Amino acid sequence: MIYRLNFIFWRLRVVMQILVVYFLWLALFSGRNELFGYNQSQMLTYVLLTSLARSIILSTTTMEIGSIINQGNLSNYLIRPINFFRYYIARDIADKSLNVLFSIGEIALLYVLLRPDIYIQSDVTMIAYGTLAVCIGMTLYFYFSLLLGFLGFWTPDVWGPRFLSFVIMEFFAGGLFPLDILPAPLFALSKSLPFFYFIYFPIKIYLGQLPIQEIIRGIFLGSVWVGVLWCAARMVWQKGLRVYTAEGK
Amino acid sequence: MAISVSHLVKHYRIHKKEPGFLGSVSSLLSPHYEQVSAVEDISFSIDEGELVGFIGPNGAGKTTTLKCLTGLLYPTSGSIDILGYIPYERKTPYLKSITLVMGQKNQLWWDLPAADTFLLNKEIYEIPDVQYKKTLAEYVELMEVENLINVQVRKLSLGERMKMELIAALLHKPKILFLDEPTIGLDVVMQKKIRDFIRIYNKQNRSTVLLTTHYMEDVRQLASRIIIIDHGKLLYDGKLDKLVKQYASYKILSIILGSYIHPDAFKEIGDLVDYNFPRAIVRVPRGGSNMAAAQLLQKFPVEDLNIEEPNIEDIVRDIFTKIQK
């Protein structure tokens with residue numbers, strides 16, 4: 001019973017988040033046709049898509065890793081013939097699938113209720129690139145979250161840095177608003193961060209608003225980031241295992 | 001040789017923090033680290049099929065040694081070879097042939113029935129269906145838990161949980177068992193059941209068992225050989241009865257008196273350790289125990305007399321306190 005209630009409230013929270021941002025933009029667009037280079041239809045599509053993007057890209061089961069390490073429960077994983085990375089990849093795939101299922105349902109519901117004018121992408125190449133960008137985003141966020149969790153090898157305070165990363169991500173991942181409405185220097189900064197590829201980049205491709213060179217460039221740079229974070233995660237994991245004390249409650 | 005440990009050393013780096021607010025601030029600005037040596041040059045080897053007990057006071061380094069052997073900790077220096085593997089490398093074939101049971105930590109999924117953990121272990125260790133069913137049925141019968149395996153683990157009592165832990169840990173028939181205080185907190189009946197299970201498993205599978213414990217009864221019942229560790233050093237490695245003979249240079253005369261004798265009168269026989277009329281306990285040197293007994297019977301109104309080996313607990317306590325001086 002408790003689990004069921006928990007579930008309902010969780011989905012309610014997700015829907016509320018979408019609605020808040022959606023109505024915010026609706027209000028901003030009242031009496032205008034265009035804002036920051038976007039028309040209402042594009043902006044509202046962006047908002048609804050961020051919700052879908054969050055459910056695919058930003059959902060993860062790796063948040064617990066920090067406390068698993070601190071409380072010595074990592075031993076349970078180390079003692080068994082399990083590959084830690086593959087274990088969490090598998091769990092995340094399951095988690096994301098579940099999230100996407102619900103998210104699609106909720107967006108469909110919202111579409112029926114709110115009837116926004118949304119933009120549907122029809123170009124197959126754009127969809128293909130978009131899917132590739134989503135994969136890059138997922139992988140990046142996975143290794144990023146792992147790295148935050150691995151801080152647990154060195155400090156009992158893993159939530160501090162993680163919370164900070166949430167705050168930075170909310171801004172620089174493009175979850176609240178499309179990043180290109182930022183003034184040029186800030187936008188340039190955001191482009192150089194890995195968060196760029198979490199939400200903003202895949203959605204822009206889907207909206208068909210990026211020229212092909214930008215897309216190729218972005219995919220290349222995103223892949224470089226994947227390589228960097230993948231190496232970093234492996235290295236930090238090995239180092240962490242050496243200082244792991246297996247103590248805990 | 002199943003297990004071979006050579007000059008194992010393990011140091012920890014601990015962050016030391018002064019208590020209080022100022023302490024927190026200063027630890028933030030200039031953190032102070034201290035090196036703790038948990039294990040200092042320990043070497044031993046264990047053959048296949050042996051059952052070895054590790055005993056030592058709290059903080060002696062026994063659990064640290066155990067964790068190094070299971071591959072959880074990276075040794076500071078020294079080498080460990082188990083079944084031809086280096087534990088720290090955590091290779092899959094190595095992990096499939098060992099198991100670790102910790103009396104103070106659960107490996108079962110808390111919100112699910114034990115049966116689910118068993119299935120999960122079956123997949124993790126790649127146990128074939130037929131073997132799994134047979135082994136599980138065998139263990140469940142031995143431990144008498146048929147109607148408990150589908151109950152959520154959180155609802156089980158400590159003893160029942162321990163039984164499930166053991167079953168889960170042994171499904172894949174490991175060759176090496178590492179048991180860290182498996183009987184801690186259990187009642188006497190449960191302790192015996194757990195010990196019996198371990199003994200039967202060991203006999204049937206010719207496995208090697210390393211057991212750390214504080215309960216001497218565990219050692220008496222299970223381990224033919226014990227290794228005593230204190231302050232990270234190996235104090236004794238050998239058979240249990242040899243320990244008694246080597247470190248206990250005395251025997252105990254357990255007396256029941258017919259009429260009251262003043263305590264000072266026992267001085268000519270030996271050390272009066274305990275006197276609660278009509279019971280008296282006297283320590284005498286090992287060689288002279290028969291003489292002392294004869295003297296006692298001649299000169300004192302003795303109703304009953306027993307000549308006993310000293311308690312293992314007392315011996316171990318003596319060794320620990322001796323080393324601390």
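These numbers were taken from a predicted model, which means no experiment stands behind them.

**Student:** Is there a simple way to think about the overall build of chain A in this case?
**Tutor:** In terms of regular secondary structure, chain A is built from 10 helices and 2 strands. Secondary structure elements of chain A occur, N-terminal to C-terminal, as α-β-β-α-α-α-α-α-α-α-α-α. The globule rule puts the C-alpha radius of gyration for 249 residues at 18 Å, and the 19 Å found for chain A is close to it. Residues classed as buried in chain A amount to 31% of the 249 residues present. Contacts in chain A between residues at least 24 apart in sequence constitute 82% of all its contacts with a sequence separation of at least 6.

**Student:** What is the right way to look at the sheet that holds strand β13 (residues 302-308) of chain B in this model?
**Tutor:** Picture the strands of a sheet paired through backbone hydrogen bonds; they go either parallel or antiparallel. Residues and elements named next belong to chain B. A sheet is described by the order of its strands in space; here 4 strands give the open sequence β11-β12-β10-β13, paired in antiparallel fashion. If you trace the sheet from one side to the other, it starts and ends with β11 (271-276) and β13, each paired once. Recorded for the sheet is a direction-independent mean angle of 20° between the axes of neighbouring strands. Of the strand pairs in this sheet, β11 and strand β12 (residues 279-285) are connected by 5 bridges, and their pairing is antiparallel. By the bridge assignment for β12, Tyr275 is matched with Ala280. On top of the sheet, helix α10 (residues 289-299) reaches β10 (250-257), β12 and β13; it is set at about 175° to β13, its chief contact.

**Student:** Sorry, what's going on with the sheet that holds strand β4 (residues 77-82) of chain B here?
**Tutor:** All names here are of chain B. The 3 strands are arranged β2-β1-β4 in an open sheet whose pairing can be described as antiparallel. Of all strands in the sheet, those bounded by a partner on one side alone are β2 (32-46) and β4. Ignoring which end each strand starts from, the neighbouring axes of this sheet average 30° apart. Two strands pair when backbone bridges link them, and strand β1 (residues 3-16) and β2 are joined in this way by 12 bridges, in the antiparallel orientation. If you follow Ile3 over to β2, its bridge partner there is Ile46. Running over the sheet, helix α2 (residues 62-70) touches β1, β2 and β4 and is turned about 115° from β1.

**Student:** Help me understand the interface of chain B and chain A, please; the structure alone is not making it clear to me.
**Tutor:** A common way to express how large an interface is: the accessible area buried when the components associate. Each partner contributes residues to the interface: chain B has 15 residues there, and chain A has 12 residues. Listed by contribution, the elements that provide at least two residues to the side of chain B that touches chain A are α2 and α3 (92-96) of chain B. Sorting elements by how many residues they give to the side of chain B that touches chain A places α3 of chain B first, with 3 residues.

**Student:** It is not clear to me how the pairing of β12 of chain B should be interpreted in this structure. Could you clarify?
**Tutor:** Residue and element names in this part refer to chain B. Relative to β12, β10 runs antiparallel, the two sharing 7 bridges. Bridge pairing links Ser254 to Ile281 in β12. Where β11 folds back on β12, the antiparallel hairpin that results is connected by 2 residues.

**Student:** Explain the packing of helix α4 (residues 114-124) of chain B against helix α6 (residues 158-170) of chain B to me, please; I cannot follow it from the model alone.
**Tutor:** Geometrically, a packed helix pair is captured by the angle between its two axes and the distance between the axes. Residue and element names in this part refer to chain B. Orientation of α4 relative to α6, taken along the N-to-C sense of each, is 15°, at an axis distance of 9 Å. Taken together, α4 and α6 sit at an angle that is classed as roughly parallel. For the pair α4 and α6, the sense of crossing is right-handed. Each of Ala114, Thr117, Phe118 and Asn121 in α4 lies in contact with α6, whose residues at this interface are Met164, Ile167 and Ala168. Grouping the constituent residues of the contact of α4 with α6 by class yields 5 nonpolar, 2 polar and no charged.

**Student:** Sorry if this is basic, but what is going on with helix α7 (residues 159-172) of chain A here?
**Tutor:** The periodicity of an α-helix, 3.6 residues per turn, causes residues three or four places apart in sequence to face the same way. Here α7 of chain A spans 19 Å end to end across 14 residues, near enough to the 20 Å set by a 1.5 Å rise per residue. A positive backbone phi angle near 85° is found at Gly174 of chain A, which sits one or two residues after α7 of chain A.

**Student:** Explanation requested: unusual backbone geometry in the structure shown.
**Tutor:** It is generally the case that most residues other than glycine have a negative phi and that most peptide bonds are trans. Residues and elements named next belong to chain B. The residue after Phe277, namely Pro278, is reached through a cis peptide bond having omega 5°. For Pro278, the location among the structural elements is in the loop between β11 and β12. Backbone geometry at Arg90 places phi at a positive 50°, although glycine is not the residue there. Within the secondary structure, Arg90 sits in the loop between β4 and α3. With 18 C-beta atoms counted inside 10 Å, the residue Arg90 sits in the partly exposed group.

**Student:** So what exactly am I meant to see when it comes to the environment of Ile168 of chain A here?
**Tutor:** Residues and elements named next belong to chain A. Tracing the backbone shows Ile168 in helix α7. Looking at Ile168, the number of C-beta atoms within 10 Å reads 12, which means it is exposed. In the structure, Ile168 is positioned 66 residues away from Phe102 in sequence and 26 Å away in space, judged by C-alpha atoms.

**Student:** How do you make sense of the packing of helix α2 (residues 40-57) of chain A against helix α5 (residues 84-114) of chain A when you look at a structure like this?
**Tutor:** All names here are of chain A. For the pair α2 and α5, the least separation of the axes is 8 Å and the interaxial angle reads 165°. On the basis of the axis angle, α2 is roughly antiparallel to α5. Crossing of α2 over α5 shows right-handed handedness. Touching Leu48, Ser51, Leu52, Ser55 and Ile56 of α2 are Lys96, Asn99, Val100, Ser103, Ile107 and Leu110, all from α5. Residues belonging to the contact of α2 with α5 are distributed by class as follows: 6 nonpolar, 4 polar and 1 charged.

**Student:** Could you clarify how one ought to interpret the confidence of the model for chain B in this entry?
**Tutor:** Low pLDDT marks regions whose predicted coordinates should not be analysed in detail. Chain-level statistics for chain B give a pLDDT mean of 87 and a share of 98% at 70 or above. The ipTM for the predicted assembly is 0.79, set against a pTM of 0.83.

Conventions adopted
- Residues numbered from 1 in each chain as written.
- Chains lettered and ligands numbered in written order.
- Predicted model: local features only at pLDDT ≥ 70, side-chain atom pairs only at ≥ 80, totals over all residues.
- Helix = DSSP H or I, 4+ residues; strand = E, 2+ residues; numbered from the N terminus.
- Rg over C-alpha atoms; globule rule 2.2 N^0.38 Å.
- Buried ≥ 20, exposed ≤ 12 C-beta atoms within 10 Å, placed from the backbone.
- Contact = placed C-beta atoms within 7 Å.
- Pairing = 2+ DSSP bridges.
- Axes fitted to C-alpha atoms, helices over the stretch in contact; angles between N-to-C directions.
- Parallel < 35°, antiparallel > 145°, perpendicular 65-115°, else oblique.
- Left-handed = near helix turned anticlockwise from the far one by under 90°.
- Nonpolar A, V, L, I, M, F, W, Y, C, P; charged D, E, K, R; others polar.
- Expected span 1.5 Å × (residues − 1).
- pLDDT = per-residue confidence, 0-100.

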